[in-house]
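What follows is each chain in one-letter form.
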Amino acid sequence: MISFSSLLIVGAVAVAVPLFLGLVPAVKVPAVVLEILGGILVGPTVLGWVQLDVAVRVVADLGLGFLLFMAGFEIDLRRFDRRVLILVSRAFLLSLLLALLVAYGLQLGGQVRDGLLVGITLVATSLGVLVPILHDAGQTETTLGRLIMAAGSLAELAPLVLLSVFFSASSKNPGAELGLLAGFVGLTAAIVLVTQRVRAWSPLREVVHRLENTSSQLRVRLAITFALAFSAVAEHFGLATILGAFLAGVVIRRTDETPASQEEFQGKLEAIGFGFLIPVFFVSTGVGLDITALFHSTRAIILVPVFLVALLVVRGLPALLYVRVVGRTHAIAAGFMQATSLTFIVVATVIGVQTGHQRTSTAAALVVAGLLSVVIYPPVALRMLMSTAGRPVAPVLPPEPDPS
């Protein structure tokens, strides 16, 4: 019989974190940081109250899938100007080059087991952490905010694809995996076209609208089933299921018809994900994090500041390409924002340890560096933005010439 004792304690930690932040507003730490720290506290490393039993693992896996689904749902490619996407793509390619140089340098020095995995991990940005920060700072609709959102979207999608191709549980031949990825993308495009055709069918659309706010919550059921289907198809193609969940979020975002409908629907999805499943994933990540391996290894302790600086170098330096667009100070602030990474680090280290490509001590060092990046880098960027408040910012890019 399955025991729910550990899951109950994990749920209690998930409740305690927002309560604490609400009662002590002076603490300006993202909830995800405290959720992981709370998991470490109740886990085997400290108090030993929680074990990663069947109940916790199942709900945590669902939370991971929903986390990637919501990350994909946050991305709306229709909001980004083509020229902005070109600019952030150049910055990302530079980031990838720097990440591989740093990671393979660490591998040659015997500090990490797999340089490619570390490189992919370092090149990601936690868009889910940055969105509320940018929103609270009033930057979401500014030139700088659009650049950071576009760069963060790309730095979530591309590393996830690379991780799925090279480090999914079934990845043995990267060349074959690329072929499977191409087939999966083609199938995804076909599904999108079929979905748009079906959605345009008036009788079905009328039924979905009529039942979406009843006890059936049909639209939510369709979205979750769609995400499960994408995950199953990705697994069938030999890719990571999280890639399917992520792309399902991107596709479902494009099916929304009006901003009001989208906001209400997103609220329902967030209630399921952020209300329970996703916090359980982060708390359970803290439970499974082997902090003792970190403190028993001098190499791992040294790697924490190394990874923290590497995040700033890999994601921060390419932001200097934005100087022509937003100015030097705003470009540097964007670099600190882009260097904020935690969610993908957690996902990548879990997969790395499971597939044997990463030591537990290295995984712990990466997660701790990610925690520190969330605590340190955004406040630095916000202080820089406050120091330039009121100064004009250049337009995103010069307007395109009139074809006439």
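In the block above lies the structure referred to throughout.
Report follows, based on the coordinates.

Focus: the overall build of the protein
When helices and strands are counted, the protein shows 18 helices and zero strands. Here the protein holds 404 residues, and the buried ones make up 50% of them. Taking the intrachain contacts of the protein between residues at least 6 apart in sequence as the baseline, contacts between residues at least 24 apart amount to 80%. Working note: accessible area of the protein is about 18600 Å², and carbon and sulfur atoms make up 68% of it.

Thoughts on the nonpolar core
Core analysis: the largest hydrophobic core is formed by 120 residues, its most contacted members being Leu68, Phe69, Leu163, Leu269, Phe307 and Tyr322. Among the elements that take part in this core, helix 18 (residues 360–387) stands out by supplying 12 residues, more than any other. Those residues in contact with phenylalanine 307 that sit more than four places away from it in its chain are Leu106, Val112, Val118, Leu122, Thr362, Ala365, Leu366 and Ala369.

Comments concerning the packing of helix 14 (residues 298–316) against helix 18
Across the interface, helix 14 lies against helix 18 with an axial gap of 8 Å and an inter-helix angle of 45°. By the criterion of interaxial angle, the relationship of helix 14 to helix 18 is oblique. Like other packed secondary-structure pairs, helix 14 and helix 18 cross with a definite hand, here right-handed. Across the interface between the two elements, Arg299, Ala300, Leu303, Val304, Phe307, Leu308, Val309, Leu311 and Leu312 of helix 14 pack against Ser361, Thr362, Ala365, Leu366, Val368, Ala369, Leu372, Ser373, Ile376 and Tyr377 of helix 18.

Examining the packing of aromatic side chains
Summed over the entire model, instances satisfying the criterion amount to four aromatic pairs. Both rings, one in phenylalanine 73 and one in phenylalanine 265, keep their centres 6.0 Å apart while their planes meet at 75°; by these two values the pair is edge-to-face. Linking phenylalanine 73 in helix 3 (residues 54–74) with phenylalanine 265 in helix 12 (residues 259–288), this pair joins segments that are 192 residues apart in sequence. For the pair formed by phenylalanine 73 and phenylalanine 265, the shared burial category is buried.

Quick word on a nonpolar patch on the surface
Together, Val309, Val313, Leu317, Leu320, Val323 and Ile332 make up an exposed nonpolar region whose accessible area comes to about 440 Å². With respect to the helices and strands, valine 309 occurs in helix 14.

A word on helix 2 (residues 31–42)
Compared with an ideal rise of 1.5 Å per residue, which puts 12 residues at 16 Å, helix 2 spans 16 Å between its outermost C-alpha atoms and is within 8% of the ideal. By the criterion of burial, helix 2 is predominantly enclosed, with nine of the 12 residues buried.

Regarding the environment of alanine 319
Within the secondary structure, alanine 319 sits in the loop between helix 14 and helix 15 (323–326). Take alanine 319: its relative accessible area is 0%, and that puts it in the buried class. Separated by 14 residues in the primary sequence, alanine 319 and alanine 333 have C-alpha atoms spaced 8.7 Å apart. In this view, alanine 319 contacts Ala331, Ala334, Gly335 and Gln338; residues no more than four positions away in its chain are not counted.

Examining the environment of phenylalanine 4
By the secondary structure assignment, phenylalanine 4 is in the segment before helix 1 (5–23). You can call phenylalanine 4 exposed: its relative accessible area is 52%. Along the primary structure phenylalanine 4 and valine 54 are separated by 50 residues, whereas in three dimensions their C-alpha atoms are 9.0 Å apart.

How each quantity is defined
Residues numbered from 1 in each chain as written. Predicted model: local features only at pLDDT ≥ 70, side-chain atom pairs only at ≥ 80, totals over all residues. Heavy atoms only, no water. Helix = DSSP H or I, 4+ residues; strand = E, 2+ residues; numbered from the N terminus. Buried < 20%, exposed > 50% of the residue type's maximum accessible area, 1.4 Å probe, protein only. Contact = heavy atoms within 4.5 Å. Areas by Shrake-Rupley, 256 points an atom, 1.4 Å probe, with all protein chains shown as cover. Core = buried A, V, L, I, M, F, W, Y, C linked by side-chain atoms within 4.5 Å. Axes fitted to C-alpha atoms, helices over the stretch in contact; angles between N-to-C directions. Parallel < 35°, antiparallel > 145°, perpendicular 65-115°, else oblique. Left-handed = near helix turned anticlockwise from the far one by under 90°. Phe/Tyr/Trp six-rings, centres within 6.5 Å; stacked < 30°, edge-to-face > 60°. Patch = residues over 30% accessible without salt bridge, like charges linked within 9 Å, V, L, I, M, F, W, Y side chains within 5 Å. Salt bridge = Lys/Arg side-chain N within 4 Å of Asp/Glu carboxyl O. Expected span 1.5 Å × (residues − 1).

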